[in-house]
Amino acid sequence: MEAWQESLKNLTLLYVEDEEGIRRPMVDTLSYYLKEVYEAEDGEAGLECYYTHRPDIIFTDLKMPHRDGLWMVREIRKHDKHTPIAMITAHSDKEYLLSAVELKMEKYLIKPIALEELLHVLRLCIEDIEEERGIVMECGSVHFDLKNRLFIKEERETPLTQKESDFLALLLRKKGQLIPYEEIESQVWRGEFMSTDALRTLVKNLRKKLGIPCIKNHSLAGYSFEG
């Protein structure tokens, strides 16, 4: 299981769809990947569920009887501009699609929904959440709160420098993948020159703070996060 899928296990999702024959199988599928999946049969029930549970992600059909998906999203967006919302549609109604974009619903799923597309949109939602909140990840008893630049182990907080936090965020976003030196210089040093000694010192100090063997060096290539 990839790192972003592991992150899903800590998140909740609201699925709004009036057709039960579509909604129930999708809820069952999504429940495999997420901590909790709430369901609603129209926009009014969806809005009530949103206020009750405050889900991390929302998937909603657009056209539904009584109160549709756009009505629900307009109500939510009056005070919540950040929760990722994906629209579900079986058509290409331009008026609906333009309204959806205005409401920050750029992500969409076309019926019938393929598993590959479902996972793709979930991954985009994870990226939005991480960007908004800052990356928070757990590895066993270890907790990384990179928005607040903290490393937490056994309830003990250790502050991280800006470069340490940026370096960890880069590794965690691509957990298990090699991050080349050029990308580290671009994302961590942000246009400044990165000397070999400076990078080695950063890694040495960070390893000492973490106390766990999670940062792997790939000789003459770069670093990766393993754990």
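Use the structure listed above.
Every chain begins its residue count from 1, and numbering advances along the sequence as written. Owing to the predicted nature of the model, reporting of local features is limited to residues with pLDDT of at least 70; listing and counting of side-chain atom pairs is limited to 80 or more, with chain, interface and lining totals taken over all residues. Hydrogens and water are ignored here; the side-chain numbers use all heavy atoms of the structure.

S.K.: So what exactly am I meant to see when it comes to the pairing of strand S9 (residues 156-159) here?
M.R.: Across a regular strand the side chains alternate sides, sitting on one face of the sheet and then on the other. When strand S8 (residues 150-153) meets S9, the two strands line up antiparallel, connected through 4 bridges. Residue pairing across strands places Lys153 opposite Arg156, the latter belonging to S9. Pairing between two strands requires that DSSP report at least two bridges joining them. Comment: elements are numbered from the N terminus, with helices defined as DSSP H or I runs of at least four residues and strands as E runs of at least two. Following S8, the chain reverses through 2 residues before pairing antiparallel with S9; Glu154 in that reversal takes a positive phi of roughly 55 degrees.

S.K.: Would you explain the sheet that holds strand S1 (residues 12-16) in this entry?
M.R.: Sheets are built from strands that pair by backbone hydrogen bonding, the pairs being arranged parallel or antiparallel. Here 5 strands make up an open sheet; going across it, the order is S2-S1-S3-S4-S5 and the pairing parallel. A single partner strand is all that each edge strand has here, and the edge strands are strand S2 (36-40) and strand S5 (107-110). Between one strand axis and the next, the sheet turns through 20 degrees on average, direction left out of account. Bridge count between S1 and strand S3 (residues 57-61): 4 bridges; the pairing is parallel. Note that in S3 the partner of Leu14 across the bridge is Ile58. Running at roughly 165 degrees to S1, helix H3 (residues 43-53) makes contact with S1, S2 and S3 of the sheet. Pairs of residues are marked as contacts when any of their non-hydrogen atoms sit within 4.5 Å. In this description, a line fitted to the C-alpha atoms serves as the axis of each element, helices being fitted only across the stretch in contact, and the angle between N-to-C directions of two axes falls anywhere from 0 to 180 degrees. Helix H4 (residues 69-77) rests against S1, S3 and strand S4 (85-89) of the sheet, and its axis sits at about 150 degrees to S3.

S.K.: Quick question: what am I supposed to make of the pattern of salt bridges here?
M.R.: Close approach of charged atoms lets side chains of opposite charge pair. Salt bridge, as used here, is a side-chain nitrogen of Lys or Arg placed within 4 Å of a carboxyl oxygen of Asp or Glu. For the structure shown, the criterion picks out 9 salt bridges. Residues Asp61 and Lys111 are paired through a salt bridge, measuring 3.0 Å at the closest nitrogen-oxygen approach. One end of the pair, Asp61, is in strand S3; the other, Lys111, is in the loop between S5 and helix H6 (115-133), and 50 residues separate them in sequence. Relative accessibility under 20% of the residue-type maximum defines a buried residue, over 50% an exposed one, and the middle range a partly exposed one, all with a 1.4 Å probe and only protein chains included. A relative accessible area of 5% places Asp61 in the buried class. Judged by its relative accessible area of 18%, Lys111 falls in the buried class. Taken together, the shared-partner salt bridges in this structure form one network comprising Glu17, Glu19, Asp61 and Lys111.

S.K.: Can you help me understand the nonpolar core in this one?
M.R.: To qualify as a nonpolar core, a set must consist of buried Ala, Val, Leu, Ile, Met, Phe, Trp, Tyr and Cys residues joined through side-chain atoms within 4.5 Å. Membership of the largest hydrophobic core comes to 25 residues, with the highest contact counts inside it found for Phe144, Phe167, Ile184, Leu199 and Ile215. The greatest single-element share of this core, amounting to 6 residues, is contributed by helix H7 (residues 162-173). Here Leu199 is in contact with Phe167, Tyr181, Ile184, Trp189, Met194 and Tyr223, once residues within four sequence places are set aside. Listed in part, the 24 residues of the second largest apolar core include Val27, Tyr33, Ile57 and Ile113.

S.K.: Would you mind going over the packing of aromatic side chains with me for this structure?
M.R.: The geometry of an aromatic ring pair comes down to the distance between the two centres and the angle between the two planes. We call Phe, Tyr and Trp rings a pair once their centres come within 6.5 Å, taking the six-membered ring for Trp, and we label the pair stacked below 30 degrees between planes, edge-to-face above 60, and tilted otherwise. The tally for this structure, following the rule as stated, stands at 6 aromatic pairs. Ring geometry for Phe144 and Phe151: centres 5.5 Å apart, planes at 45 degrees, overall tilted. Each member of the pair, Phe144 together with Phe151, is buried. Site record: aromatic cluster; members linked through ring pairs are Phe144, Phe151 and Phe225. The residue whose ring lies beneath Lys9 is Tyr32, and the NZ or CZ to ring-centre distance is 5.1 Å. Counted as over-ring charges are cases with an Arg CZ or a Lys NZ within 6 Å of the ring centre that also lie within 35 degrees of the ring normal.

S.K.: Mind showing me how you'd approach the pairing of strand S11 (residues 215-218) here?
M.R.: Here S11 runs beside strand S12 (residues 222-225); their pairing, made up of 4 bridges, is antiparallel. Considered in S12, the bridge of Ile215 is made with Phe225. Joining the antiparallel neighbours S11 and S12 is a turn of 3 residues, in which Leu220 adopts a positive phi near 65 degrees.

S.K.: I keep staring at the packing of H7 against helix H9 (residues 196-210) and nothing clicks. Help me out?
M.R.: In contact at an axis separation of 10 Å, H7 and H9 are set at 85 degrees when each is read in the N-to-C sense. As judged from the angle between their axes, H7 and H9 are roughly perpendicular. Here Lys163, Glu164, Phe167 and Leu168 of H7 come into contact with H9, specifically with Leu199, Leu202, Val203, Asn205, Leu206, Lys209 and Leu210. Taken together, the residues of the contact of H7 with H9 sort by class into 7 nonpolar, 1 polar and 3 charged. By the definition adopted for this analysis, an angle is roughly parallel if under 35 degrees, roughly antiparallel if over 145, roughly perpendicular if from 65 to 115, and oblique otherwise. Residues are grouped as follows: Ala, Val, Leu, Ile, Met, Phe, Trp, Tyr, Cys and Pro are nonpolar; Asp, Glu, Lys and Arg are charged; all remaining types, including Gly, are polar.

S.K.: So what exactly am I meant to see when it comes to the side chain of Asp42 here?
M.R.: In this structure, Asp42 sits in the loop between S2 and H3. Counted as a polar contact is a pair of N or O atoms within 3.5 Å, where, for protein atoms, one must be capable of donating a hydrogen and the other of accepting one, and residues adjacent in sequence contribute only when both atoms are in side chains. Among the polar contacts listed, one links the side chain of Asp42 to the backbone nitrogen of Glu44, at a separation of 3.1 Å. Excluding residues within four positions of it along the chain, Asp42 makes contact with Val16, Met64, Pro65, His66 and Arg67.

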